Every structure is written in structure tokens, then in C-alpha cells.
Amino acid sequence: MSRVTQIIFFLLIALYGYSQSYTVKGKVFDDQNQPLIAATIVALNPSDSTMAGFAISDNSGYFEIKPLSGGSYTLQITFIGYGTFERPFSTETGVKVVDMGDIILNSGLNTLDEVIVKGEFIPILIKKDTVEYNADAYRVRPNANVEELLKQLPGVQVESDGTITAQGEEVKTVTVDGKKFFGNDPKMATKNIPADAVKKIQVFDQKSDKSEFSGVNDGNDTKTINLELKDGKKVGLFGNIEAGYGTDNRYKSKLSINKFGTKYQAAGLLSYNNINDQGFSFSEYQTLTGSGGGFRGRNSNINGPVNWDGLANGNTTSLTGGLNLSLTPSKKFELTTSYFLTMVDKISIDQNATEYTLANRNYFEETTSNNDSYSLGHNVNFEIEAKPDSTQRLDVDITYKRNNFDNSFTKFLQNISTTDIVTYDSNQDYYTKASNDDFSGEIEYNKRLGKIGRVLTLEGAYGLAISNDSSYIDQFNNEYNINDMMTLKILQDQLSRQDNNTFSMLVNYKEPLGNNNYLDLFIERKNINSDKIKDFFDYDIQNLSVRTFNESLSTLTNNDITYNRAGLEYTIDKENYTLGIKGTYNHSVLNGAIVGEPNINNSYNYFLPEISYRLTEPNIRINYRTRVSEPSSNQLQSIVDNSDPTKLYTGNPNLRPEYSHELSGRYHFFDRFNLNGMFASLSYTYTTDKIVNAQTFLDNNIRQTKPINTDNYQRLRASVFYTTPIRPAKLKATIRLNGTLSKGINIVDGLEDNVTTSSPSLNLSFENTNNKVVSLRLGTDLSYNQNKYQINDLQNVNFFVQNYDASLLINLPKSWYFDADYKVQIYSKEAVGDDNTLQLVNASISKGINKERLMIKLSAFDLLNQNRGFSRTIDNTSVQQSITNSIQQYFMLSFVYKLTAFSPDNNIRIGRH
């Protein structure tokens, strides 16, 4: 642990050791003098009804709340089917334990599923499988967003990157009054909705659309948070306006507007900055980078994390704008549409050092690339949910993405050497201009056919992705032999176009067999077609007006894969367990055509069994599944790709598909009241015909790669997450253990060698729970990476990475706030680099004005002036170290103004609550 982290840790212990702590205890009985088990007992601050502590009664009705600070409180006890008990009490110096004695609860007017209390304040309420938090019971800053509110909730964890974990599982979706907010990215809601607009936070497992409609649990549920807005804030407008300017001409600006009505939700985002805060989700990132395409399927949550922390590498200026509209004119129809604009202008310098370890020698490769790129992306999405009547449901999802890369430039320097003797060097200028269009549409229709559980499902999907790329290369290569040097000058145009067409159709029929038994029959057809043209044109160095078509490098390929699947699934869906047994017959046909090469016509037949078992209490899931992965068209091309003279690639038309078996299990436990939780998972994968890249290294260190099939690939993955309060110290502790162990075959220079790869990691964090004045978090993340070979132990490699972080927030008097964070990353020494330690320190002080409607903030970024991108990775033959420039020290003065305008009669005026 670093010295700074140690100091902060001991300050934390001293801080909490200084304060006095008290305990309140008692027993809860019903009116028949029987102990009430699992009653909710809460200690409330009477001034504002915020929660100071809570507990759950045990088998004898006993409860104990600790630690409490000195002062006056209200004891509140609730239990399903009974009224709410309240009694004031106070803690006094010298009396450490307050005994409330035996408390009798009488039956009240309540439903079977929840406690109903009129005019009373309950911080936490359990409704079957839903944990509901009353937002007003948790104290946050007046201008706080929902993310800060979530950090206060028992059982909820918010990571530094904004990832949310609830009850031991990652939250995949956040909805607002049951409606999506800017797609499936949880951070879009938690970062932009103010905490004071929220009435309740509901945490539950959301079933899939198909499961909700059929009433049969398919096990495809996701952890979800729903934000229920306050009655006075369901109709109106709220948001933030932010602007800042700093040293080195650093600036940022952001506008967030949300307007909600009884039948609609509208939101707008606009961000422009040059501090590497890109502010878009993973789906937009796919658009920017030209990746993506294909099908995602409903409830698959393709949107990933947003880069909110501003620590991206390079020097980036970005403009992001987004509009989202959700219309619900009736209970039978809902339309959600969104548009995103993303502009990124990025300059970066990347330095890579790689050591290759072979049986008879080592050699080194050093590269430096200067990149200047500009991209502009558009993303439009429409989602329709229609329920004409209680027996029908129609879902339509349409997405269009467009992205342009204009005048991207890369200057690339490469040097390959053996024991300080240079064998190859290269100097390359690379200009490119590209465009990508991606359209996808999905439709799903469900129809109940009379008998409960009898459902017909029809699904259809279509996707079209078109990419065009125009590049110009100016490259100078030197290859050094023993007695001479060979020089090659390349001036070349590379033009490429790729069209991907995908469509699929599925028919599923579910028949109830009685006693919660069901039989599914399904048939599916899917086709993926890819056409790719890549033309090379060489310029005459002596006469640049002459351009010649390079037939040896140019390719024209067509790849077509058709899947025909049919199968049966038998399901038993009981109250406390679900069992599913599925068998699928998979027939796939792969046709490939390459100009100048024999056509590829392969067909494959597989039987794919699956078994799933889910036990409700305890929460255990066990799954066995099989899957087939066909080789790509690039892997099947027998022609040589020598666009990079140092790395030659040749496909293999004789490749067979990979066939994998996976056995996995997971265990989930969470005590909603004592806040002890554990989430553990374990999976084992065995793959036959595993496709690996066989590598051959020539004497001049040129690498040739060809994919081949191997057997006996195995992988074991394990993960354990545990969270618990440390009440005497008023801390919340979280520990994560992750590990991957794999064993496969590596082929280098014709030698087959068994390689075992292991990568265990440990993550540990502590947060204080008494955070009304001081919020402090300490964390560490330790990881180890190792490759171990059976024959050639010279290729063995390992390295250790240590990450430590600390964050501090102090709420000072008169609306002053101090915020600071510290991060350090330590890499162990390897041949490609010495011990490397990077430290990042940020700090800010802010002042709230006009009831904190306006916040003025002075912030300092990277006080130690060390920020840069650094990573180290290993593969089967090498260790690589990468260093990338990034934004370093600057100071910034910024302003945030809060917009609120709520009115039940829609008489909205900006600036009034």
C-alpha cells in the first residue's frame, strides 16, 4: 500500500475512533405473544426523517441497531400484515445501550404483499422480490444527481466509472417511471437526473419481454433499477447548464434538459469539450470506430458504459448531442425514439515495445505512431411496443448508424532488432477516408392462443452494413541481411468496400402440459452474407501520374453462411425452481468464393444440447450449453495478405468449426437488512477443433501466421463478490476475487507446446457509511498475469499490476465542498520496461449559491503532472508495453446552474420549485 493511501486509511480510523457510538435493542412480538421474524426496524432522525440505522429481527424477535451517534431518534418498526410502530428515544453519554424492551405489533389494514402506511415515512420497504428505497430518507447535496443518491443506499455499490452493483449483481438497466431513458445505458439516467426529483428507487430482477408475456420464467432476467419521480415532478422541466474554462485553453460545456409529462418523457443532451470527456455510450463508440453491425436481439443491452471520468488517452476534442423522446398515448402503445450526434477530433502518440520469445532467440519490436483523426457519427433509433389487446404484443426495434472518417492521418515508425542488431525498419505515412452505414431492424410478435401458457412467437430481423474505405500509403522499408540491405519504397492506394447482409426468422410455439410443465417447439433460419472488395494500386515512384493495379494483393471475396435450426425445449416452472432441457439440431452451410481460388463449399451438422436449472431459495443457477463457431471468411482465404510486410497472414480453407461445451453455475445471496451479500460464479469450457494461429518466424524476424484446428482447449473462470458492513468502524467493505485459467496448444515454428495461462485478480474497497460530512473511499486492485509453457520454458512470462485509489469528499459549512481523488498504478519490471509507477491526483473546491441552484467550482487535474496511458499485455509469444500521451495538469473554473420548473397544471416558469 502506498504511503498516501496509508495516511488516509489511518486518518479514517482515527476519525471514527474519536466519535462515541450507542446501541438500541429490543424484541418484537405479535398480539399473540409470538416473536415476529424479519421485521424491519429503523432508527430515524426526527428532524428530517432520514435513516440513521436499521436492522432485522431474528428468530426470537430480537433486534439490535448499532452504532448510533448521540442524539434523539424515532424507532420505527414495520412488518407485512401489521401496522407501523413508532417510539421516540435518545442516547445519552455514559449509557451505551438503550433497551426498548418487548414491543407488541397489532394487525393493521394491509395487503399480503406490502405494508401500507398512510402519512408515515419508511426508508426501506420489501415487496416480494423488490427492494424499495424512499429517496427522502437519504441525505445528499441539494444539486446532487441520482448517482450520488445511489451511493447512500444500503446494498447498492457505485464504482468510480459509474458502474452500479445492487445486491451483488451489476445493474444493466435504469428506467424512469418504468420507461427507458436514452436506451439501455444506466449511467445516462444516473448522471443526468437530479436526486431531488426522485421519490422512490426500486431494485428488482426484470424478466425478459417474452417471459413476462408468457408467464413462464426463462431465466433471462436482468438486475434493474426503476426511478419513480415525485408527484410534483412528473410534469415539468429540469436539468443543468455547465460551463468551464481553464489553463492551457482547456474548456468544457454541457447542457442537460429533461421534460416530463403525463404521457411523454423528453430529454436532450449537449456536450462540447477538449478534456477527453467523450460523453457517449458504447453503441455510439461502435459507430465512431466503424465496428458493430449484425444483430443484437431484444433485451441484450448492447449499450455499454459511458466514458464519464475524463481519463481517456490522447488529446480529444468532442461534441456530443442527443435527443430522446418516449410517448405513451395509451396503455396499449409506447414509442421511444432517440438521436445521437458524436464528433471526435483526436490527436495521440502511441509508443509500443514488444519482446518476442522464441525457442532459439529473442527479438524486439519498437513502434511509434502519431495519429490525427476526425470522425462524425449519427445514430437514430425507434422502438415500438404495441398491445392491441391482452392476448397480443408487438415489438419493433429499428436502428440506423452513419459515421464518416475524414482525413485521418497516421505516421508510423517501426524498428525490429535482435540483440541490438537492427533487422528491419519502416517509416510509413497513412491517410484514410472512410464511411460506415449500418441499418438493423427487428420485429417480434407474441400471441396467446386461448389456454394459459399457450403462446405463438414470430421473430424476424434484417441487417445491412456497408463500409467504404479509401487509403493512401507512403512507406519506406529497409530489410537488413548479413551482407547487404534491401530497400523498398511503396506508394499505394488501397480502396475497399464491404457489404454485410443478415436476416433471420424464428417461429416458436409454447404448449402447456399441465402442472407448470411446458413444451416449446421452434424452427429458425438465419443467413449471413458478406461481399468484400479490396483493390491495391501502386504508383510509379519516378512518375506519380502513373498508377498500376496490383493484382497479387487485390481480392474479391464472397462469404455466405446459412443456419437451419430446429429443436424442442421442455420446461418445468415451479414456484421455487425452474428446469429447462433443450435440444437443437443445427445444420449450417458455408459457401465462399475468392477470385483466383477454388470455391469453398462446406456443410456441418451438429446436435446442441442445453440444460438449465434455477433454484429460487437459495438462489442457485446451473447451466450446461453447447455452441458452434464457424471460421470467418478471412480465416478461410488461402491467399497471402502482405499489406504489412513484417506480418504475413494466410487463411486455411480446411478449417473446421469450433465445438464448445460449457458448464457454469452461480450462487447469489444477499441479506437486505444486515447488508451481507455474496455473488459467486464458476464456469468450465471445453472446446474441440479450437482455431489457433500457428506462427512461423523467419530469419529476418518476419512473422507468418496461419489459422489451424487444435484439440483439448480448456478454460476455467471463477468470480466471487462479497460485501458487508463493518459497523464498529461505520464502514462498508467490498471484496472481489476473479480468476481465469486456460490450457491450450501454441504452435511456433512448427513446434506444438502446451501453454497454461492464468490471470487472478483481487479488488478490495472500503467506504464510510456515516457520510453526512465526510465521504471517504479506499480501494485496491491487484492482478497477476502468467504464461507457462510445458516444453519451451524460455517463453514463460509473468507480470504483476497494482492499482490503489482513494477519494475524499467533505461537506463544509455554508455550502462549501472539497473533493479530491488519488490513483496510483504500479507495473512490475519486465524485459520491455522497468518498474513503472503512475500517479494521478485531482482536487476541487466548490461553493453553492442561491440555495445551491448555482455551483461555482475550482478544480485541479493531475497535480503531479504524470497522467498518461500505460498498459502491459502478454500473448502466446510476446510481452507488449504501450504508452500513450494524455492530457496532463490543468486548472479550471466552472459553473453549474440548475434548472427546475415543475407544475401540476403545466404552468411552468424557470427558476421556481
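See the structure above.
All of these numbers come straight from a predicted model, not from anything done at the bench.

The number of helices and strands found in the chain is 6 helices and 49 strands. Pairs at least 24 apart in sequence give 64% of the contacts found in the chain among residues at least 6 apart. Element-wise, carbon and sulfur atoms account for 54% of the exposed surface of the chain, whose accessible area totals about 42,600 Å².

Quick look at the sheet that holds strand β12 (residues 169-170) now. Pairing is antiparallel in the open sheet, where 3 strands are placed in the order β10-β11-β12. The sheet terminates laterally at β10 (156-158) and β12, the two strands that pair on one side only. With 2 bridges joining them, strand β11 (residues 164-166) and β12 adopt antiparallel strand pairing. In the sheet register, T165 faces β12, and the bridge partner there is E170.

This part takes up the side chain of D429. By the element assignment, D429 lies in strand β24 (residues 421-448). When its relative accessible area of 17% is taken as the criterion, D429 is described as buried. Within the local environment of D429, its side chain forms a polar contact with the side chain of K411, the two groups lying 3.2 Å apart.

Enumeration over the complete set of coordinates arrives at 13 aromatic pairs. On the numbers, 6.2 Å between centres and 35° between planes, the contact of Y431 with Y472 is tilted. Taken as a pair, Y431 in strand β24 and Y472 in strand β25 (residues 455-480) lie far apart in primary sequence, 41 residues in all. Residue classification places Y431 among the partly exposed residues on the basis of a relative accessible area of 38%. Ring centres of Y606 and Y659 lie 5.2 Å apart, and the angle between their planes is 15°; on these two criteria the pair is classed as stacked.

Summarising the element assignment, T724 is placed in strand β38 (residues 713-726). Distance from T724 to N676, taken between C-alpha atoms, is 4.5 Å for residues 48 residues apart in sequence.

What follows deals with unusual backbone geometry. Note that the residue after E617, namely P618, is joined by a cis bond; omega there is 0°. Residue position: P618 is located in the loop between β30 (600-615) and β31 (619-629). Notably, N712 is not glycine yet its phi reads approximately 60°, a positive angle. Relative to the helices and strands, N712 is located in the loop between β37 (703-710) and β38. Located in the positive-phi region is D862, a residue other than glycine, with phi close to 55°. With respect to the element layout, D862 can be found in the loop between β46 (854-861) and β47 (869-874).

Inspection of the secondary structure puts R736 in strand β39 (residues 731-748). The exposure class assigned to R736 is buried, which follows from its relative accessible area of 16%. Aside from chain neighbours lying at most four places away, what touches R736 is E159, T165, V720, F721, S761, L762 and N763.

Our focus in this paragraph is the sheet that holds strand β3 (residues 51-56). In space, the 4 strands of this open sheet follow the order β3-β2-β5-β6, with antiparallel pairing throughout. One side of each edge strand has no neighbouring strand; the edge strands of this open sheet are β3 and β6 (85-91). Each strand of the sheet is rotated relative to its neighbour by a mean of 20°, with strand direction disregarded. Judged from the 5 bridges that link them, strand β2 (residues 40-44) and strand β5 (residues 71-78) form a sheet pairing that is antiparallel. Across the sheet, T40 pairs through a bridge with T78, a residue of β5.

Let's shift gears to the pairing of β38. The sheet contact formed by strand β35 (residues 677-688) and β38 spans 11 bridges and is antiparallel. The residue of β38 that forms the bridge with T685 is R715. As consecutive antiparallel partners, β38 and β39 are separated by 4 residues, and within that stretch K730 has a phi angle of approximately 55°, a positive value.

Below, the discussion takes up the environment of Y509. If you trace the backbone, Y509 turns up in strand β26 (residues 485-514). The spacing of Y509 and F522 is 13 residues in sequence and 6.4 Å in space, taken between C-alpha atoms. For Y509, the side chain forms a polar contact with the side chain of E511, separated by 2.5 Å.

Applying the stated criterion across every chain, the model contains 20 salt bridges. The residue D205 makes a salt bridge to K223 at a minimum N-O spacing of 3.0 Å. Taken as a pair, D205 in strand β15 (residues 198-206) and K223 in strand β16 (residues 222-229) lie far apart in primary sequence, 18 residues in all. With a relative accessible area of 30%, D205 lands in the partly exposed category. Between D429 and K411 there is a salt bridge whose closest N-O contact spans 3.2 Å. Separated by 18 residues along the polypeptide, D429 in strand β24 and K411 in strand β23 (residues 392-418) bring together distant segments of the chain. Here the residues in one salt-bridge network are E385, K387, R393 and D395, joined through shared partners.

What counts as what
Residues numbered from 1 in each chain as written. Predicted model: local features only at pLDDT ≥ 70, side-chain atom pairs only at ≥ 80, totals over all residues. Heavy atoms only, no water. Helix = DSSP H or I, 4+ residues; strand = E, 2+ residues; numbered from the N terminus. Contact = heavy atoms within 4.5 Å. Areas by Shrake-Rupley, 256 points an atom, 1.4 Å probe, with all protein chains shown as cover. Pairing = 2+ DSSP bridges. Buried < 20%, exposed > 50% of the residue type's maximum accessible area, 1.4 Å probe, protein only. Polar contact = N/O pair within 3.5 Å; in protein donor to acceptor, adjacent residues only side chain to side chain. Phe/Tyr/Trp six-rings, centres within 6.5 Å; stacked < 30°, edge-to-face > 60°. Axes fitted to C-alpha atoms, helices over the stretch in contact; angles between N-to-C directions. Salt bridge = Lys/Arg side-chain N within 4 Å of Asp/Glu carboxyl O.

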